Amino acid sequence: MSVWAGYLFLLAAICSNSINGMSTTYRQRYDGWYNNLIHPSWGSIESNFVRKTPVSFADGVYQLAGANRPNARLVSETIFKGEDGKPSYLSRTAMLAFFGQVVAYEIILGTDITCPIEMHEVPMVSCLPDGRCQEHDYPMPFYRSKYKHETGKSINNPRTQLNLVTSWIDGSFVYSNKESITAGMRSFENGTFLSMMEGKYPAYNDIGMPTYNHYSPHSHKSMPIRETYRLGDPRVNQHPAVLAFGILFFRYHNAMAKQIQLANPTWKDEEIFFKARQWVVSTMQNIVMYEFLPALLNEPTKPYLGYNPDIHPGITDLFHAAAFRFSDTIIPPGFYLRDAMCRFRRVKGRPAIRLCNTYHDAQASIKMYGIEELLMGMASQIAEREDITIIDDLREFVFGPKQYSRRDLVALNIMRGRDFGLADYNTVRQAFGYKPISDWRDINFELNETNPEIFLKMKEMYKDLNDIDVYVGGMLETTPDGPGPLFQSIIKDQFYRLREGDRFWFENKKNLIFTDTEIAAIRNITLYDIILATTDIKENDIQKNVFFWSRESNNVCPQPKQLKGSDLEECVPLSRHDSFAGSEFYYVFSCIVCAVVPIILAGAASIIVKHRVKKTATIKEEATKIRGQVKNKDHTLRIKACEWLNEYHNRKVTVQFGPADSILVLSRKNDKLRTISLETVFNVVMESNLDTDKAILTLMRVPKDHDLVLEYNTTNKRKSFLSILNEFLQRQGKSMEVLAATSSTIYDTAETKEKRQRKLESFFREAYKAAFDIPTSTEQQDLKVMEDILTTELTKAEFANVLGMRANSLFIERLFAVTDRDRSGHISYKDFLDTVFLFTRGSPTDKMRILYDMLNVSQDDHLNVVDFERMIRSLVESTQSEFDEKQAHDLVQAMLNTTGLGQKTELSFNDFRILLQAHEKELGKIGLHLKGTKQVYVQKRTALRTESFRVDTDVFHAPEVEPFMRTKWNSFVTYLEDNRQHVFYVVVFYVLCIALFIERYTHYCYLSEHKDLRRIMGTGICITRGAANVISFTYALIVLTVCRHCTTYLRDTVINQYIPLDSAITFHKIVACTAGFFTAVHVIGHVINFYHVSTQPVEHLACLFKNIHFPSGFEPTFQYFLYGTIPGLTGLLLVILCYALYIFATPVVRLRAFKTFWTTHHLYIPIYILTVIHGSARLSGGSIFYMYVMVPVVLFGIDKLITVRNRKLELAIVSAELLPSDVTKVVFSRPPSFLYRSGQWIRISCPAVSPGEYHALTLTSAPHEHCLSIHVKAYGRWTWRLRKIMDPSNSIGLTYPTVQIDGPYGGGNQEWYKYEVAVMIGGGIGVTPYASILSDLVYGTSTNRYRGVACRKVYFLWICPTHRSWEWFVDVLRTVEERDVMNVIDVHIFITQYFDKFDLRTMMLYICEKHFQSFFKRSIFTGLKAQNHFGRPDFAQIFKFVRGNHPRVNRVGVFSCGPPALTNSIGSACSDVNASRQLPNFMHFCENF
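Residues numbered from 1 in each chain as written. Predicted model: local features only at pLDDT ≥ 70, side-chain atom pairs only at ≥ 80, totals over all residues. Heavy atoms only, no water.

Caption draft 1: Geometry of the side chain of T182. Within the fold, T182 resides in helix α5 (residues 179-185). Classification of T182 by relative accessible area gives buried; the value is 1%. Excluding residues that lie within four positions of it along the chain, T182 makes contacts with Y30, Y175, S176 and F273. (Helix = DSSP H or I, 4+ residues; strand = E, 2+ residues; numbered from the N terminus. Buried < 20%, exposed > 50% of the residue type's maximum accessible area, 1.4 Å probe, protein only. Contact = heavy atoms within 4.5 Å.)

Caption draft 2: How the structure looks around empty space enclosed by the protein. Throughout the structure, instances matching the rule amount to 10 cavities of 30 Å³ or more. As a volume, the largest cavity reaches approximately 140 Å³. Lining the largest cavity are 12 residues, and of these Q28, R277, Q278, V281 and I513 lie nearest its centre. In terms of residue class, the lining of the largest cavity is built from six nonpolar, four polar and two charged. (1 Å grid on protein atoms, 1.4 Å probe; cavity = no way out; pocket = protein on both sides within 12 Å on 5 of 7 lines; lining within 4 Å. Points joined across faces, edges and corners; volume = space filled by probe spheres on them. Nonpolar A, V, L, I, M, F, W, Y, C, P; charged D, E, K, R; others polar.)

Caption draft 3: Layout of a nonpolar patch on the surface. There is a patch of nonpolar side chains on the surface, built from L1040, Y1186, M1187, M1190, V1191, V1194, L1195 and I1198 and spanning about 750 Å² of accessible area. Element by element, the count of residues in the nonpolar patch is highest for helix α44 (residues 1185-1207), at seven residues. Looking at the element boundaries, Y1186 is found in helix α44. (Patch = residues over 30% accessible without salt bridge, like charges linked within 9 Å, V, L, I, M, F, W, Y side chains within 5 Å. Areas by Shrake-Rupley, 256 points an atom, 1.4 Å probe, with all protein chains shown as cover. Salt bridge = Lys/Arg side-chain N within 4 Å of Asp/Glu carboxyl O.)

Caption draft 4: View of unusual backbone geometry. P1480 follows L1479 through a cis peptide bond whose omega is 0°. Along the polypeptide, P1480 turns up in the loop between α50 (1460-1474) and β36 (1481-1488). In this structure, L512 takes a positive phi of about 60° despite not being glycine. Inspection of the secondary structure assignment puts L512 in the loop between α16 (485-500) and α17 (516-523). The exposure class assigned to L512 is exposed, which follows from its relative accessible area of 52%.

Caption draft 5: Quick look at the packing of aromatic side chains. Under the counting rule described, the total for this entry stands at 59 aromatic pairs. For the ring pair Y1164 and F1196, a centre distance of 5.7 Å and an interplane angle of 85° mean the geometry is edge-to-face. Here F1196 lies in helix α44 and Y1164 lies in helix α43 (residues 1164-1176), a separation of 32 residues in the sequence. Among the residues examined, Y1164 registers a relative accessible area of 22% and is labelled partly exposed. The rings of F99, F245, F292, F319, F324, F495 and F547 are connected pair by pair, giving a single aromatic cluster. Between the NZ or CZ atom of R159 and the centre of the ring of Y147, over which it lies, the distance is 3.7 Å. (Phe/Tyr/Trp six-rings, centres within 6.5 Å; stacked < 30°, edge-to-face > 60°. Lys NZ or Arg CZ within 6 Å of the ring centre and 35° of its normal.)

Caption draft 6: Seen up close, the state of the cysteines. Following the criterion strictly, the structure yields three disulfides and no others. Put simply, C342 and C557 are joined by a disulfide, and their sulfur atoms are 1.4 Å apart. Torsion about the S-S bond of the C342 and C557 cystine: about -60°, corresponding to left-handed handedness. Placement of C342 in the loop between β11 (334-335) and β12 (353-354) and of C557 in the loop between α18 (527-534) and α19 (584-626) is noted, with a sequence separation of 215 residues between them. Among the residues examined, C342 registers a relative accessible area of 34% and is labelled partly exposed. Overall, the relative accessible area of 3% leaves C557 in the buried class. Shown here is the disulfide that connects C356 with C571, its sulfur atoms set 1.8 Å apart. Note on the C356 and C571 pair: the S-S dihedral is about -100°, so by sign convention the disulfide is left-handed. With C356 in the loop between β12 and α9 (362-380) and C571 in the loop between α18 and α19, the pair connects residues that are 215 residues apart, well separated along the chain. Both residues of the pair, C356 and C571, count as buried. With no disulfide of its own, C1457 lies closest to C1486 among cysteine sulfurs, the gap being 8.9 Å. (Disulfide = S-S within 2.5 Å.)

Caption draft 7: A look at the pattern of salt bridges. Evaluation of the coordinates by the stated rule reveals 42 salt bridges. Ionic pairing is found between D419 and R416, a salt bridge with its closest N-O pair at 3.2 Å. Placement of the pair is D419 and R416 together in helix α11 (residues 409-419), with a separation of three residues, close to one helical turn. A single burial state applies to D419 and to R416, both of which are buried. R1243 is the salt-bridge partner of D1302, the closest N and O atoms lying 3.4 Å from each other. Of the two residues, D1302 sits in strand β30 (residues 1298-1305) while R1243 sits in strand β27 (residues 1241-1245), which places them 59 residues apart along the sequence. In this pair, the class of D1302 matches that of R1243, namely buried. The structure contains a network of salt bridges with shared partners spanning R73, E77, K81, D392, R395, E396 and D408.

Have a look at this one:
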């Protein structure tokens, strides 16, 4: 039948069937389901490959088969390597060879990479003609196929691979197996596909349809996805022949749709499309079964016997992984191109297109030459010979992944068989009814005759006949007719089952799809007819049987010659690609950003802190101006300059002339840096340099002090300075002398402060060495150094500085006058040494003599009592305590009366000795305490304290000295006992953290070791997921620790006995630091993980991240994962936010810029939100963060709602009082329902100061009072602004603003009432909770209100620099003493201004205090009954004293509030005392500020 006759008959058949329309036909699904109504899944997509033989996995479950078999690449090199360019025995054409690939794509897709990725490395071996083989250092990657994940679990359930396309011949090569892809191909008009170029080509894939747009190994790039065609099979772009067939059938569908539409004009697009599809599918079935298969097997196809639903149509593993790969042997190395005139086109000077250089770049060839020349070329081109030789284009240069562009297809075929667990060659033969081979030569007698060495090599490699790969054995059976017996049986079995098991097979009359006439018409259609119907090729341009070429055919064009690889261009060799290439900059940049951001934020924090400090200073200055505390400055002259300090440092200063005859050096902030007194100087010597090219200098020589070197910008400035200085000196009656010098001379001879300090250090060092007989070096002292020391003289300011006192105090003036024997106004080395001798080696009488001389201002033979009174008053006032003349007179008279000297107005030295006779022992111990020296050698005995300064602890004996290790062990055990709850919960916390980390680490490292994330990221994913688990846990705990209302409520429950609620904030910091550590681990781990991910090809990434769809041709990079994904972007934001939160939460920011700290601390809100989003994207695993934080966040939210409710109430300020030491007392109204306990605290905000800014302050009012009060120490910006607003002299007047409070909240100090004996210790502003507690206690005990309270005795220790520092608290203590009728409270005051200073001044203060207490029953400093102590307390001795007074008490509560250094020392003392294992135990509760 002619082409056109057959075509017209076909159209007639279509028209005849149009009467029935679509009602009598069935529509076949794209995915292959429900073809078999009994077994709906048979033949569907992702169905199992069918096994005809038992599996042969190495472990019987899933491991690669053939563990003892030779290297697949070695087999390829040894057996399948040979000379190409030999024609087919039966003149099969290239059309048949490449159409076989179309058939394979129609029914098989089983080489997609499995997830998780399983890659095996095949050692690359190259063999020379002499048989020597060499292994290369770059193994070939082999990826195992996708399999059903429910399999591969046991021997009874071995791994089963999946066929990702339908098994049916249903046109999936044309239409795809997914309806969505088909929809993307359709025009939805007249049942056609979208087309372009006059309908000859499919539309471009500008919608991103999935396609295998792999890396092209010859061009080293991927084709842009938009330049590919919209065709059904994603593999269609593999090479020009496959693409040509894809376009051919595309055209065939559109041609059929056009004819159907013409014959049935009333049909809709859907009806036309599916009718055309039925005809295209039926035509393909006919061509494959009745034209291709006979040509491949060289025998006719058996007749169709009808549909049998019991026949399984599934593709067998043997067919896919072995038998149907036979066609690889007949594929030629290139494509001939010719026209209808038999003119063969030369390409790049070569006779044909090289196959290996067209992989995944087929579009280029088709666009350039069209499909007609290619189809005619393949019809004339004879295929390669049916033998075991595979061309190098497949065996050496077949396409591979981007990172390994060329692979060996034969080695891959062998490995694929092992991947599928195929049985060995003999086992398969037996399964198909053949006898097993017992001799190597029996595999192929003919081949053994011609190439016996092949079987010798086989024997050498495989060793055992029962271990031959079925692919290798089957290929060795190849005959001139085609596949050998085994492969023939496998292929025929497969195709016959496909036909008989297909309900939609075109010959099945029971499905009523086609009539007998139509079936006959379809049976007459060949590939030749389709080519002629859809291309410009005419009848005589190609032979009718396009799968064979014969010289007997009329008007056919023979090929010029059989193609050989050597005739064509060389294949582009293997190239290896690094997927990370191009991401280096972004990776380094991102790492730098992560490292630089905290530095930038730290810099910003520093700037903010400095700005806040400066602003606070301004507010402070404004506040003190209002009170008149800042005196008007004199109108003095100033000039700016730069002070040179040494060769490395200088500073900008302002020189002020005045007041009086002094010159002040001020800093940029106008703080006084130095005072130069010119009182004893009458001629000021100035030196000025002449060489002004490098620097413009002046040097002021200051006698007995360090010089002043100034630098100027211009000579005019220096001239102006000298002029002003001269005028100033003239007004003071002094002169100025200017000497010329060079800059180098000035720099070298200037006695800077540094040089002066070194001189003073040497001065003091040598003096103490001489005083204490400390041996000096045997080497001779530098005479110049000794001369400098002997000539050095101390000024009064330097002498006062080394004693730690003011130079203008009376005590310093008198001591300086006594030490300055020659009345020169300076203390020489000899004078100072004599004084040191007296204090270190002198007797009590000698020291009394010094004191007597100091008191004797007139230097007469007798001491005037008035001078004595003046000195005592000066000493007491030096402690910033008020002490008037009358009090001084009464004290001195009382002292005189007790010694019988009451009537005297003048005292001789003997009288003075009698007066101080009772203190002779203490006077013998005093020394001269000096500060400011780096090396001071003092004998230990001079540093002893007087026992009178300590709390009496004589009831205890000195403990026995224990071994060092036992002491340390006891201290450790005691610490654990004292802090057992804290230690327990911290240990539990970290055990949970470690357990959570290990759980995720183990899961990803061991339980998921075969998953892609684990294989690619290595241990990194285990660490990051473990850290993420801990982060989730810690983030949940963080919010629980700041649920203040919940914590306060729990204090009144039994839970308070088992959970240390006082340490909630400390635990909050521990959890936060732990979270920060694991966040850093998580971030660093992901930086490494992102690197590993960025090195992977897109095929791997599709397995790694199944929730991300990568468009065809898209290659994700590091920057994509970091900046283009939700986890990456949110992770980056989280890192920055965490940096900000942690940096701005540092103590310096919290103290100096609280509002900034508080604002940035609210970043927890976006951090939690972003963390949820970060994990919800499920990039590397499911998120469990919400599971951890759900309950804590709900509780935290409820706690916050209570806070918001409380804050709505505005309270009026009743009164405000500005107290000394920058303390502000604020009294405000008390809400009716506000209940609290003494020792509790609130968070308070004053909108007039700063809206929304809350600060934690302790209530100083007692619970029984009707108003609430706080005492605020002005320290930062908020507290100084509050003080300014509360100042009655402010412009606001007496109209106070309102405040808002939140609380009350519980603290450790509120537990005082639970202990029979309590020790309360307050330091600095830390006395505020005790103002409330002590008032509450005395009120309760005096009114019997606290009859049931356990507390019976309180020792209160007040630690302060001076009494004047906290004058307001003295009033509180005075009230407490008045109301303490039960003598419950024992108050001790420690003045730390004299810490470690057991000197003459301290001794005098001690004597005065002791006498004043004895005579007047109150303190000379405070007026209280409380005992005063000088220096810091010895807490251990105090606790021992308490233990001695209360031996029957089990526990003593120790409550402290103050700076961390204080509370830490108290805690250590408690541990030391508890180490003795004696009752009572001391339980420490502390609060810090």
